[in-house]
Amino acid sequence: AHGIVPQEVFTGFGKLKALDLSKNELEGTIAGNLGLLRDLEDLFLFDNNFSGVLPDDVGNLANLYNLYINDNKFRGKLPSTIGDMTKLRGASLFNNTFEGRIPDSIGN
C-alpha cells in the first residue's frame, strides 16, 4: 500500500515546524509548494519512494535546520537555492540519484 502526500500538507499548514513522513512507503513527487512551509525547521522524508527533482522553492525554507531525504528516488541536480537555507545544520541526501555537482551556494 503506497500513498502520495496531499497538496494540502504544503498549502494548509504554513506554521508547521516539523514534518516527518519518513518510512511510510510514500511515492510521487514533492510539490512545488514545499516552499510555503516557511517556518519549517525539520523535514524528514527519508526511506520512502519519492521521485522527481527537489523543487527550487526548497530554498524558501530559510528556517530549516534538518533536511533528511535519503533513501528515495530523487533525481536531477540539487537546486542552487539550497544555499539560501543558511540555518541548515544537518542534511542527509544519500541513496538517491542526484547528478552533477553540489551547488557552491551550500555552506554560505
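What you are looking at is a predicted structure, and each value in this text was computed from that prediction instead of being measured.

**What about the packing of aromatic side chains?**
Consideration 1: As enumerated under the stated definition, the model contains four aromatic pairs in all.
Consideration 2: A centroid spacing of 6.5 Å and a plane angle of 80° characterise the contact between F44 and F46, whose relative ring orientation is edge-to-face.
Consideration 3: Overall, F44 belongs to the partly exposed group, its relative accessible area being 22%.
Consideration 4: With centroids separated by 6.3 Å and ring planes inclined at 5°, the aromatic side chains of F74 and F98 adopt a geometry described as stacked. Of this pair, F74 sits in strand β6 (residues 73–76) while F98 sits in strand β8 (residues 97–98), and the two are 24 residues apart along the sequence.
Consideration 5: For F98, a relative accessible area of 22% corresponds to the partly exposed category.
Consideration 6: Of the aromatic side chains, those joined through ring pairs into one cluster are F44, F46 and Y68.

**Concerning unusual backbone geometry**
Consideration 1: With a phi close to 55°, K23 is a non-glycine residue in the positive phi region.
Consideration 2: With relative accessibility at 58%, the residue K23 sits in the exposed group.
Consideration 3: The backbone of D47 shows a phi angle near 60°, a positive value even though the residue is not glycine.
Consideration 4: Its location among the elements puts D47 in the loop between β3 (42–44) and β4 (49–52).
Consideration 5: Note on D47: relative accessible area 38%, which makes it partly exposed.

Thresholds applied
Residues numbered from 1 in each chain as written. Predicted model: local features only at pLDDT ≥ 70, side-chain atom pairs only at ≥ 80, totals over all residues. Heavy atoms only, no water. Phe/Tyr/Trp six-rings, centres within 6.5 Å; stacked < 30°, edge-to-face > 60°. Buried < 20%, exposed > 50% of the residue type's maximum accessible area, 1.4 Å probe, protein only. Helix = DSSP H or I, 4+ residues; strand = E, 2+ residues; numbered from the N terminus.

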